[in-house]
Amino acid sequence: MIESPKPFDAEAVRRDFPILHQEVNGHPLVYLDNAATTQKPEAVIQAIVEYYRCDNSNVHRGAHALADRATQKFEAARQKVAALINAPDSRQLIWTRGTSESINLVAASWGRSQLREGDRILVSAMEHHSNIVPWQMVAQEKGATVEPIPVDRTGMIDLEAFAAMLDDRVRMVACVHVSNALGTINPVEEIVRRAHAVGALCLIDGAQAISHFDVDVQALDCDFYVFSAHKLFGPTGLGALYGKRELLEAMPPYQGGGEMIETVSFAGTTYNQLPYKFEAGTPDIAGVIAFGAAVDYLMSLDRKGAAAHEQDLLRYAEERARATPGITLVGTAANKTSVMSFLVDGAHPHDVGMLLDQQGVAVRTGNHCAQPIMDQFGIPGTVRASFAFYNTRADVDRLFEALAKARQFLV
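Okay, so let's go over this structure. None of the values given here were measured: they were computed from a predicted structure.

What follows covers the sheet that holds strand 5 (residues 120-124). Pairing within the open sheet is mixed, and its 7 strands lie in the order 4-10-9-8-7-5-6. Sheet topology places strand 4 (93-96) and strand 6 (145-149) at the edges, where each strand pairs with a single neighbour. Neighbour-to-neighbour, the strand axes of the sheet open up by a mean angle of 20°, direction not taken into account. Inspection of the sheet shows strand 5 paired to strand 6 by 5 bridges, in the parallel sense. Bridge assignment links Arg-120 to a residue of strand 6, and that residue is Thr-145. Against the sheet, helix 3 (residues 65-84) makes contact with strand 4 and strand 9 (224-228), and its axis sits at roughly 115° relative to strand 4, the strand it touches most. Contacts between helix 4 (residues 99-114) and the sheet are confined to strand 4, strand 7 (170-176), strand 8 (201-205), strand 9 and strand 10 (239-243), with strand 9 contributing the most and set at about 150° to the helix.

What follows is the structure in structure tokens.
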């Protein structure tokens with residue numbers, strides 16, 4: 001019998017993350033850069049150590065005990081991650097090096113085989129560069145166009161404008177689930193439905209969504225869903241691509257090499273079945289196993305309680321920002337999660353970030369790889385504080401105490 005998770009306790013959770021218990025520049029660390037990467041619980045760190053200490057071997061190929069153990073853990077992790085997003089079959093879950101490579105895989109494999117001159121690809125104006133540039137590359141090659149879906153001043157997609165853009169020349173709609181720069185939660189169910197109504201496919205970038213709330217790819221009915229392990233308390237350099245089976249089956253391999261083949265001869269090559277057709281070469285075995293440990297850790301928590309805690313932190317931080325003269329919030333959509341982007345009057349975001357770091361507060365500054373939306377807002381970038389469930393209101397208080405001190409040097 002599976003035990004129900006204990007009620008969420010942020011202070012207890014913090015103890016599971018060794019990196020949080022250190023000083024930076026003589027101050028206790030306050031880590032508020034979770035949209036860039038999340039920290040790792042001890043269980044994930046130990047999974048990596050245990051693999052290299054006890055099970056180090058290549059997967060799928062060896063006829064010995066270490067290879068068997070490594071393969072079992074590797075494929076068990078695939079099943080865990082597939083179950084996390086409610087994929088119908090773990091074979092529809094492809095390992096990549098990250099969200100960026102997942103999008104590149106779809107753009108290169110599906111795009112090169114399916115796009116024709118005059119076809120249209122729609123992406124929201126708030127996209128990360130990784131969901132713009134791969135489409136531009138394949139569009140230039142095939143004679144297609146990449147067009148931005150308008151976003152309003154609050155950071156919400158203009159659904160009426162989107163509807164007006166749709167026609168039978170639209171082949172792909174690529175949209176972020178949660179904006180890394182603004183925190184907006186997009187109405188992806190509606191976006192998928194409208195895309196399908198004109199015969200277009202829909203890829204959802206879930207890199208910023210996957211750690212904050214449940215994702216059900218079958219309920220979304222999206223054609224592709226992409227995300228990264230390091231945004232979900234797992235290791236860096238590892239990502240996942242979910243795709244509908246019939247699409248993945250029809251797509252040609254993205255890379256050639258070992259594992260992705262069935263037979264090879266100089267007369268010709270036949271390719272492996274899913275998911276291995278898209279997984280050329282030796283994979284990040286330790287990373288995959290550690291990703292499985294991250295999912296185990298996540299599922300041991302009260303996820304609804306964790307999500308409510310994160311929403312409380314965001315509300316508290318934005319209330320403090322609105323009550324502080326000289327701070328302007330950027331991204332004020334009604335439906336948001338765990339990202340507070342802001343400007344400090346008269347100060348460049350980079351200067352603010354440097355002064356916060358001197359006080360042990362880690363934030364991100366710049367355009368957050370979302371230059372088009374920053375250009376639309378007419379700003380060079382923002383200061384971004386992004387929260388995870390191991391943050392607390394005390395972290396938010398430290399942020400604003402540090403901002404108050406920083407502004408003494410920015411006047």
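Additional details are given in the paragraphs that follow.
Attention now goes to the sheet that holds strand 13 (residues 327-330). Taken together, 4 strands build an open sheet; the order of strands is 13-14-17-16 and the sheet is antiparallel. Where the open sheet ends on each side, the last strands, each with one partner, are strand 13 and strand 16 (364-366). With strand direction ignored, the average angle separating the axes of adjacent strands in the sheet is 30°. The sheet strands contacting helix 11 (residues 303-322) are strand 13 and strand 14 (339-344), and the helix crosses strand 14 at an angle near 15°.

This brings us to the environment of Leu-166. For Leu-166, the position within the fold is in the loop between helix 6 (159-165) and strand 7. Residue classification places Leu-166 among the buried positions, given a relative accessible area of 14%. Separated by 20 residues in the primary sequence, Leu-166 and Asn-186 place their C-alpha atoms 18 Å from one another. Leave out the neighbours within four places in its chain, and Leu-166 touches Leu-122, Val-173, Arg-194, Ala-195 and Val-198.

A complete count under the given rule lists 13 aromatic pairs for this structure. Relative to Trp-95, the ring of Phe-74 lies with its centre 6.5 Å away and its plane at 65°, an arrangement referred to as edge-to-face. In this pair, Phe-74 sits in helix 3 while Trp-95 sits in strand 4, placing the two residues 21 residues apart along the sequence. Taking relative accessible area as the criterion, Trp-95 reaches 6% and is therefore assigned buried. Of the aromatic side chains, those joined through ring pairs into one cluster are Phe-8, Phe-17, Phe-233, Tyr-297, Phe-389 and Tyr-390. The ring of Tyr-316 carries Arg-393 above its face, with NZ or CZ at 4.2 Å from the centroid.

Relative orientation of the contacting elements helix 2 (residues 42-55) and helix 10 (residues 285-299) amounts to 145°, with a least axis distance of 8 Å. The two elements helix 2 and helix 10 cross, and the hand of that crossing is right-handed. Residues Ala-43, Val-44, Ala-47, Ile-48, Tyr-51 and Tyr-52 of helix 2 pack against Ile-285, Ala-286, Ile-289, Ala-290, Ala-293 and Ala-294 of helix 10. Of the residues belonging to the contact of helix 2 with helix 10, the class tally is 12 nonpolar, no polar and no charged.

Further remarks concern unusual backbone geometry. Cis geometry marks the peptide bond from Leu-274 to Pro-275, where omega comes out at 0°. Its place among the elements puts Pro-275 in the loop between strand 12 (268-271) and helix 10. With a phi close to 60°, Asn-86 is a non-glycine residue in the positive phi region. For Asn-86, the position within the fold is in the loop between helix 3 and strand 4. The backbone of His-368 shows a phi angle near 60°, a positive value even though the residue is not glycine. Looking at the element boundaries, His-368 is found in the loop between strand 16 and helix 13 (371-377).

About the cut-offs
- Residues numbered from 1 in each chain as written.
- Predicted model: local features only at pLDDT ≥ 70, side-chain atom pairs only at ≥ 80, totals over all residues.
- Heavy atoms only, no water.
- Pairing = 2+ DSSP bridges.
- Helix = DSSP H or I, 4+ residues; strand = E, 2+ residues; numbered from the N terminus.
- Axes fitted to C-alpha atoms, helices over the stretch in contact; angles between N-to-C directions.
- Contact = heavy atoms within 4.5 Å.
- Buried < 20%, exposed > 50% of the residue type's maximum accessible area, 1.4 Å probe, protein only.
- Phe/Tyr/Trp six-rings, centres within 6.5 Å; stacked < 30°, edge-to-face > 60°.
- Lys NZ or Arg CZ within 6 Å of the ring centre and 35° of its normal.
- Left-handed = near helix turned anticlockwise from the far one by under 90°.
- Nonpolar A, V, L, I, M, F, W, Y, C, P; charged D, E, K, R; others polar.

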